[in-house]
Amino acid sequence: MRWFDAHNHLQDPRLGNDPLEWVSAAAARGIAGMVVHGTCEGDWPEVRRLADLCPSVIPAFGLHPWRVSARSPRWRDALIECLDSAPHAVLGEVGLDRWILDQSLERCVELGIGPRGPAPLEFQLEVFDRQLVLASERGLPVTVHCLQAWGPLMDCLRGRPRLPRGFLLHSYGGSVELVPELVRLGAHFSISGHSLHPRKAWQAEVFRAIPSDRLLIETDAPDQLPPDDWVSHPATDTRGRPVNSPVNLVRIAEGVSGLLGVPIEELAAHCEANWMRFFRPPFLGETGLRVTAPAGAAGVAEAVLPSDRGGSCLGRRSERSLGPDASQ
Ligand SMILES: [Zn+2]
């Protein structure tokens, strides 16, 4: 079985200063690809660097709702430059978040949001919409973060042309009732290890309502730390706080398999097919064979490729440091 992480933040410094170590460790566990999501102008260059080094990394560039207030006047130009620089890049992580608006300024600073605090929802909506326009113009898939903002998100999606490549609701936390309409609007859904916490047991019903051709799994590393039983590779940040490791994906898949009541082999097959179709990874040619690694990255590529069909490049926030429902 091969596994594909639909959403992580390998560039996050909480995962240490050598993200390529995570790539090798992930490859050794059968994790053959991952989508590494930037969140702001400050981390987009590192996402780009990792994608340049690792053929199995799909870079995603987007302005996260927590980063909206800290954007520069030229954020959109910078985003376009990143997208232009990586032909196979996707758009994300973008979205809407009302949970963050209820957090204290101290808490927001702890979460890296900056002294100005989070942007009000109307500004989040403006930035989100501008990024969706970019996705439409460029024919890109979009990774969406939505926390306690389902009404505004649905209004936004209903009121605009359908996105040509659709969108992925990462770490889906919405209701079962929304699933059919979201499917019609072009949604894919990914499940994170956070859903394996016993208090999240209600989500099993939601996940079983997701069509098998719209399902993906993710770590959201270093965030969304699963319960201890579902952590195969414990990791800590530089302050000794537990963080989620990208290598936990296989163990998370085992937990999701149980939640869904679907055999693990069947889950792997669906997730791989959906990941390939949604993200259209560049490291597989039309025949399914691996294409040539970028010049200068041969050593890294050879080190991380787990098979002759694909490569892996993987890479970390802890639930305890963020709160039960917070994630980037
Ligand atoms: Zn994220």
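Conventions adopted
- Residues numbered from 1 in each chain as written.
- Predicted model: local features only at pLDDT ≥ 70, side-chain atom pairs only at ≥ 80, totals over all residues.
- Helix = DSSP H or I, 4+ residues; strand = E, 2+ residues; numbered from the N terminus.
- Buried ≥ 20, exposed ≤ 12 C-beta atoms within 10 Å, placed from the backbone.
- Pairing = 2+ DSSP bridges.
- Axes fitted to C-alpha atoms, helices over the stretch in contact; angles between N-to-C directions.
- Parallel < 35°, antiparallel > 145°, perpendicular 65-115°, else oblique.
- Contact = placed C-beta atoms within 7 Å.
- Arc of directions from axis to C-beta.
- Core = buried A, V, L, I, M, F, W, Y, C linked by C-beta atoms within 7 Å.
- pLDDT = per-residue confidence, 0-100.
- Expected span 1.5 Å × (residues − 1).
- Right-handed = clockwise from strand over helix to strand, strands pointing away.

1. Looking at unusual backbone geometry
Here is step 1: A cis geometry characterises the amide bond from G92 onward to E93, with omega recorded as 15°.
Here is step 2: Here E93 shows up in strand β4 (residues 90-97).
Here is step 3: Of note in the backbone geometry, D220 takes a positive phi value of approximately 60° without being a glycine.
Here is step 4: Structurally, D220 can be placed in the loop between β8 (215-217) and β9 (235-236).
Here is step 5: Positive phi is not limited to glycine here, since R280 has a value of about 50°.
Here is step 6: Positionally, R280 belongs in the loop between α10 (264-279) and α11 (298-304).
Here is step 7: According to the C-beta neighbour criterion, R280 is partly exposed, with 13 such atoms within 10 Å.

2. Regarding the sheet that holds strand β2 (residues 31-37)
The pairing of strands in a sheet happens through backbone hydrogen bonds and is either parallel or antiparallel.
Here is step 1: An order of β1-β2-β3-β4-β5-β6-β7-β8 is seen for the 8 strands of this open sheet, with the pairing classed as parallel. Each having just a single partner strand, β1 (3-8) and β8 make up the two edges of the open sheet. For this sheet, the mean inter-axis angle between neighbouring strands, taken without regard to orientation, is 25°.
Here is step 2: In the sheet, strand β7 (residues 187-191) pairs with β8 via 3 bridges, with the strands oriented parallel. Along β8, the bridge assignment pairs S190 with L216.

3. Re the packing of helix α9 (residues 249-260) against α10
Here is step 1: Running from N to C, α9 and α10 point in directions that differ by 105°, and their axes come no closer than 9 Å. Taken together, the axes of α9 and α10 are roughly perpendicular relative to one another. Residues A253, E254, V256, S257 and L260 of α9 pack against I264, L267 and A268 of α10.

4. Digging into helix α1 (residues 19-28)
Here is step 1: Those residues of α1 that sit buried are P19, W22, V23, A26 and A27. The buried residues of α1 occupy an angular sector of 135° when the element is viewed end-on, so they sit on one face.
Here is step 2: With its phi angle positive at about 90°, G30 sits one or two positions after the end of α1.

5. A few points about the nonpolar core
Here is step 1: Formed by 78 residues in total, the largest nonpolar core has its most connected members in V36, F61, V142, L169 and I217.
Here is step 2: Sort the elements by how many residues they give to this core and α10 lands first, with 6 residues.
Here is step 3: The contact partners of V142, leaving out residues within four places of it in the chain, are L91, G92, V94, L132, A135, L163 and F167.

6. Focus on the environment of S232
Here is step 1: Relative to the helices and strands, S232 is located in the loop between β8 and β9.
Here is step 2: S232 sits in the partly exposed class, given 15 other C-beta atoms within 10 Å.
Here is step 3: Sequence separation between S232 and N248 is 16 residues, and the spatial gap between their C-alpha atoms is 5.4 Å.
Here is step 4: S232 has contacts with V247, N248, V250 and R251, leaving out every residue within four places of it along the chain.

7. So, the confidence of the model for the protein chain
Here is step 1: Counting all residues, the mean pLDDT for the protein chain is 87, and 86% of those residues have values of 70 or more.
Here is step 2: Confidence drops under pLDDT 50 across residues 285-328; counting only partners more than four residues distant or on other chains, this segment forms 128 contacts.

8. Some remarks on helix α5 (residues 121-138)
Since the α-helix advances by 3.6 residues per turn, residues separated by three or four positions end up pointing in the same direction.
Here is step 1: Over its 18 residues, α5 runs 25 Å from end to end, which matches the ideal 26 Å to within 8%, given 1.5 Å per residue.
Here is step 2: Along α5, the residues classified as buried are Q124, V127, F128, Q131, L132 and A135. Summarising the axial view, the buried residues of α5 lie within an arc of 140°, below the 170-degree limit, and thus occupy one face. Residues E122 and E137 are exposed on α5 and point more than 90 degrees away from its buried face.
Here is step 3: In this fold, the buried residues of α5 make contact with β4, β5 (142-147) and α6 (150-158).
Here is step 4: Looking one or two places after α5, you find G139, whose phi comes out positive at around 65°.

9. Describing the pairing of β1
Here is step 1: Extensive coverage of β1 is indicated by the burial of 6 of its 6 residues.
Here is step 2: The pairing of β1 with β2 spans 4 bridges and is parallel. By the bridge assignment, F4 is partnered in β2 with G33.
Here is step 3: In terms of handedness, the path from β1 via α1 over to β2 forms a crossover that is right-handed.

10. A few points about the pairing of β7
Here is step 1: Across the 5 residues that make up β7, a large majority, 5, are buried.
Here is step 2: Residues A187, F189 and I191 point to one face of β7 and H188 and S190 to the other, with burial holding for every one of them.

11. Section: the environment of W275
Here is step 1: Mapping W275 onto the fold places it in helix α10.
Here is step 2: In this structure W275 touches F4, A6, G33 and L216, once residues within four positions along its chain are discounted.

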